[in-house]
Amino acid sequence: MSFSYKWIEILNRVDDLCSGKPIMWFRGHSSIDYELHSGLFRMNFQSIEELKTYERSIYREFLLKGHLHHNQTDWNLLFLMQHHGVKTRLLDWSESFGVALYFAFKDWKPDTCACVWVISPIDLNLVLSEIGYLTVPTEGTAYEDITINKKFTFRESSTALYPLMNNSRLVAQRGVFTLQGNSGLPLDLEDGGSLVRDGYLSKIILTPDLREEVRDFLVLTGVNEYTLFPDLDGLSRHLNSPHRYFSDSRLK
């Protein structure tokens, strides 16, 4: 097995983007057409007020009806909601390029292009919010004071934040988040696209001819369903996967 010059060039580009930056985050998309929208902002609301009303209602319902299954409130409950697939204004990122690459590959259809987004979260906060550090929301304004008590409101722009690692999947995936603002714009279009223009947010396109090499790279680096979903369900999906072996030596 050997990797092509084209794939090596992509790895070199990732290295160049990370050079000199203390922290970089990654997000994989199985299609280049997917926008940098959180689940909540992918829903078809008629207004931001309608969205915020829905946001309040699902938080309260998850808090009250899920009480027997969790012992969380506020921001930590929001992280748990995201973990279990509730549509929130959180957008998943990872501190690991390999993790993002896996999610780009997972539902990547042949003859289409996938992509990995690369972002400098500290620069994101500095440009969009004039905050030169990663926000730790559990140390600041309460989520319930924004959504339920309405003492504060969300920013118009997105914010990069570091969560409490309150579940094993978040730890395994080295998960982090951006919190989408009320402007409703995808991240790459916020502030007139300044993050992309200034090089703080980049999109690495994966063409169809790289699909097998990406698979082999993931096998080589040990990134799979079980490492990212460390439970029996994740192990079962890994064992059932046809992508557990290198492309030139897979078991038939």
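Source: prediction; values computed, not measured.

Undergrad: Before we move on, could you go through the environment of Thr135 and cite the residues and values that matter?
TA: Tracing the backbone through its elements, the reader meets Thr135 in the loop between α5 (121–129) and α6 (143–147). C-alpha of Thr135 to C-alpha of Thr159: the two residues are 24 residues apart in sequence and 7.6 Å apart in space. Contacts of Thr135, omitting those with residues within four sequence positions, involve Asn125, Thr159, Ala160, Leu161 and Tyr162.

Undergrad: So what's going on with the packing of helix α2 (residues 48–65) against helix α3 (residues 74–83)? Residues and values would help.
TA: Interhelical geometry of α2 versus α3 gives an angle of 90 degrees and a closest axis separation of 11 Å. Between α2 and α3, the angle is such that the two are roughly perpendicular. Residues Ile58, Tyr59, Phe62 and Leu63 of α2 touch α3, and the partners they reach there are Asp74, Leu77, Leu80 and Met81. Its residues assigned to classes, the contact of α2 with α3 comprises seven nonpolar, no polar and one charged.

Undergrad: Account for the packing of aromatic side chains, with residues named and values stated.
TA: Aromatic ring pairs are defined here through the distance separating the ring centres and the angle between the ring planes. Here the structure, examined in full by the defined rule, presents eleven aromatic pairs. Here Tyr59 and Tyr143 contribute two aromatic rings whose centre-to-centre distance is 5.1 Å and whose plane-to-plane angle is 55 degrees, an arrangement assigned as tilted. Residue Tyr59 is located in helix α2, and its partner Tyr143 is located in helix α6; the two are separated by 84 residues in the primary sequence. The class of Tyr59 is buried, set by a relative accessible area of 1%. For Tyr143, a relative accessible area of 1% corresponds to the buried category. Grouped by ring-pair contacts, the aromatic residues Tyr59, Trp75, Tyr143 and Phe154 constitute a single cluster. When the ring centre of Phe154 is taken as reference, the NZ or CZ atom of Arg89 above it lies at 3.8 Å.

Undergrad: How would you summarise the layout of surface pockets if you had to cite specific residues and measurements?
TA: Roughly 900 Å³ of internal volume is contained in the largest pocket. Every residue lining the largest pocket is counted, 35 residues in all, and those nearest its centre are Arg27, Gln82, Asp92, Phe103 and Gln173. Of all elements in the fold, only β1 (25–29), α3, β2 (90–94), α4 (97–106), α7 (168–172) and β5 (175–179) reach the threshold of two or more residues within the lining of the largest pocket. Here the element with the most residues in the lining of the largest pocket is β2; it accounts for five residues. Across the lining of the largest pocket, the residue classes tally to 13 nonpolar, 14 polar and eight charged. Trp75, Thr135, Thr141, Ile146 and Arg155 are, among the 21 residues lining the second largest pocket, the residues nearest its centre. Taken together, the residues that form the lining of the second largest pocket break down as ten nonpolar, eight polar and three charged.

Conventions adopted
Residues numbered from 1 in each chain as written. Predicted model: local features only at pLDDT ≥ 70, side-chain atom pairs only at ≥ 80, totals over all residues. Heavy atoms only, no water. Helix = DSSP H or I, 4+ residues; strand = E, 2+ residues; numbered from the N terminus. Contact = heavy atoms within 4.5 Å. Axes fitted to C-alpha atoms, helices over the stretch in contact; angles between N-to-C directions. Parallel < 35°, antiparallel > 145°, perpendicular 65-115°, else oblique. Nonpolar A, V, L, I, M, F, W, Y, C, P; charged D, E, K, R; others polar. Phe/Tyr/Trp six-rings, centres within 6.5 Å; stacked < 30°, edge-to-face > 60°. Buried < 20%, exposed > 50% of the residue type's maximum accessible area, 1.4 Å probe, protein only. Lys NZ or Arg CZ within 6 Å of the ring centre and 35° of its normal. 1 Å grid on protein atoms, 1.4 Å probe; cavity = no way out; pocket = protein on both sides within 12 Å on 5 of 7 lines; lining within 4 Å. Points joined across faces, edges and corners; volume = space filled by probe spheres on them.

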